[in-house]
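Working through the structure, step by step
In case you want the letters, here they are:
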Amino acid sequence: MQEIVFATNNQHKLSEIRRIVGDRYRILSLNEIGCHEDIPETADTLMGNALQKARYVKEHYGYDCFADDTGLMVDALGGAPGVYSARYAGPGHDSVANMKLLLSNMEGRTDRSARFVTVIALLLGGKELTFEGKVEGEILTSPEGDGGFGYDPVFRPEGQELSFALMTPDAKNAISHRGRATAELLKYLNTL
Ligand code: IMP
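Residues numbered from 1 in each chain as written. Predicted model: local features only at pLDDT ≥ 70, side-chain atom pairs only at ≥ 80, totals over all residues. Heavy atoms only, no water.

As for the packing of helix H1 (residues 11-21) against helix H5 (residues 177-189)
The contact between H1 and H5 brings their axes to 10 Å, and the two run at 45°. Here H1 lies oblique to H5, going by the angle between them. The interaxial crossing formed by H1 with H5 has right-handed handedness. Touching Lys13, Glu16, Ile17, Ile20 and Val21 of H1 are Arg178, Gly179, Thr182 and Leu186, all from H5. Taken together, the residues that form the contact of H1 with H5 break down as four nonpolar, two polar and three charged. (Axes fitted to C-alpha atoms, helices over the stretch in contact; angles between N-to-C directions. Helix = DSSP H or I, 4+ residues; strand = E, 2+ residues; numbered from the N terminus. Parallel < 35°, antiparallel > 145°, perpendicular 65-115°, else oblique. Left-handed = near helix turned anticlockwise from the far one by under 90°. Contact = heavy atoms within 4.5 Å. Nonpolar A, V, L, I, M, F, W, Y, C, P; charged D, E, K, R; others polar.)

Some thoughts on the side chain of Arg115
Take Arg115: it is sitting in strand S5 (residues 113-124). On the accessibility criterion, Arg115 (17% relative accessible area) is buried. Side chain to side chain, Arg115 and Glu136 meet in a polar contact 3.0 Å long. Contact partners of Arg115, with chain neighbours within four places excluded, come to Gly71, Leu72, Met73, Asp75, Lys134, Val135, Glu136 and Phe155. (Buried < 20%, exposed > 50% of the residue type's maximum accessible area, 1.4 Å probe, protein only. Polar contact = N/O pair within 3.5 Å; in protein donor to acceptor, adjacent residues only side chain to side chain.)

Shown next, in the form of structure tokens:
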């Protein structure tokens with residue numbers, strides 16, 4: 001089975017992606033290749049960060065690799081937290097604090113429209129490619145459910161009754177930003 005590194009140690013993301021990719025590729029995490037340092041993410045776009053992470057793994061560890069970067073863009077907040085979604089409430093990557101800050105910044109706002117965007121950068125066989133996935137939705141006024149991760153409890157996708165945190169993993173993958181970006185990635189891998 002061909003091995004590709006997914007430049008993350010986020011167990012939620014790994015299991016989401018492994019479910020989608022199936023048996024064709026063995027997806028290795030950063031821990032599994034002995035990469036324990038923080039990979040720099042200093043670009044100001046999702047694509048820039050995804051490419052930066054994938055190039056880092058290729059350069060330092062030699063593996064074919066893909067990396068993702070996701071942002072939650074909220075219209076009433078001028079697109080924030082966007083590319084800074086992971087550090088919205090400070091550098092600790094604390095999802096509960098991030099959600100709290102988001103809900104307080106959204107207090108009293110009637111326009112609750114938002115979207116998740118994921119960019120995946122793939123470095124494979126000397127080529128660099130990027131894939132994007134998007135899901136429109138809205139920011140709830142309080143958290144609903146405790147499944148998923150990150151901002152899932154406060155995001156309800158368009159046309160759905162449940163927040164991402166209340167959906168089964170398969171239901172979320174079928175419509176999510178990362179699910180859609182991964183489907184594009186798979187479409188490409190299947191042409192090889
Ligand atoms: P990352 O750059 O992909 O690690 O994600 C940036 C921020 O968005 C982090 O705070 C994540 O917790 C959050 N995030 C990424 N993907 C999702 C998702 O599928 N649902 C909810 N939050 C997410």
